[in-house]
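Single-letter residue listing:
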Amino acid sequence: LRSPYHGGHLEVIVGPMFSGKSEELIRRVTRAVIARQRVQVFKPALDDRYHESAVASHAGRTVNAVAVRSARDIRAYLSGEGSLLHAPGDTLPDVIGIDEVQFLDAAIIPLALELADAGVRVILAGLDQDFRAEPFGFIPELLARAESVEKLTAICTVCGAPATRSQRLIGGQPAHFDDPVVLVGAEESYEARCRVHHVLQP
Ligand code: ADP
């Protein structure tokens, strides 16, 4: 599994929900493990502690991961500072994967670049667009800075065409443009949709 790049580099996997981003991250990470490389995977924590967890794809494949709240947590974990877990010590992993990277913070960008400069293969997976089909936070800068970008599509739940967008539904109805990102008490769901079938209520 020789990388075509000369040392560390940044790979980004993007697309809407259900496009197979987690599957692709798991596939790349599993191959690195088979090649006996040292791999560390992270994902955003939903609670306020960092802990051992797993990245799971919608199809059910999983890989071990550490759940973190921020880029700072990743930095602390890698350097062993205050780590509740077994600190990897002074050597960096060969490969670092992060899933759902859009839910972390923009400090991921300098961290990813620093790790790539230090020789690490950094693989980041996340949404490129929010439910409004607007670029998601700091993700555009990651796309600009990556050596490689893979943009995946899902299948539109309405017509079966390739889906590039995540349709947000609230109580079964398309969300409004200015609905808050977190709606307390609402029955919320998401579907993959193509450009034609992605709907935003005005
Ligand atoms: P992502 O990380 O992009 O949300 P996952 O890797 O978790 O995607 O899941 C991808 C899997 O989701 C597909 O392999 C398929 O089994 C399943 N799936 C469910 N709905 C859809 C859809 N509308 N389009 C494509 N795949 C779907």
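Owing to the predicted nature of the structure, the values given are computational and were not obtained by experimental measurement. (Residues numbered from 1 in each chain as written. Predicted model: local features only at pLDDT ≥ 70, side-chain atom pairs only at ≥ 80, totals over all residues. Heavy atoms only, no water.)

Caption draft 1: Expanded view of the site of the ligand. In the vicinity of the ligand lie 14 residues, with Lys21, Ser22, Glu23, His58 and Ile155 positioned nearest. In the environment of the ligand, an oxygen atom lies 2.9 Å from a nitrogen or oxygen atom belonging to the backbone of serine 22. Compared with its free state, where it exposes 580 Å², the ligand has 72% of that area covered by protein. Breaking the shell around the ligand down by element, the ones donating at least two residues are α1 (21-34) and β8 (154-155). No other element matches α1, which puts three residues into the shell around the ligand. Considered class by class, the residues forming the shell around the ligand number seven nonpolar, five polar and two charged. (Near = heavy atom within 4 Å. Polar contact = N/O pair within 3.5 Å; in protein donor to acceptor, adjacent residues only side chain to side chain. Areas by Shrake-Rupley, 256 points an atom, 1.4 Å probe, with all protein chains shown as cover. Helix = DSSP H or I, 4+ residues; strand = E, 2+ residues; numbered from the N terminus. Nonpolar A, V, L, I, M, F, W, Y, C, P; charged D, E, K, R; others polar.)

Caption draft 2: Highlighting the side chain of glutamine 102. Its location among the elements puts glutamine 102 in the loop between β5 (95-98) and α3 (108-117). One polar contact links glutamine 102 to glutamate 100, side chain to side chain, over a distance of 2.9 Å. For glutamine 102, the side chain forms a polar contact with the main-chain nitrogen of leucine 127, separated by 2.9 Å. Ignoring any residue separated from it by four or fewer positions in sequence, one finds glutamine 102 in contact with Gly126, Leu127, Phe136, Phe138 and Ile139. (Contact = heavy atoms within 4.5 Å.)

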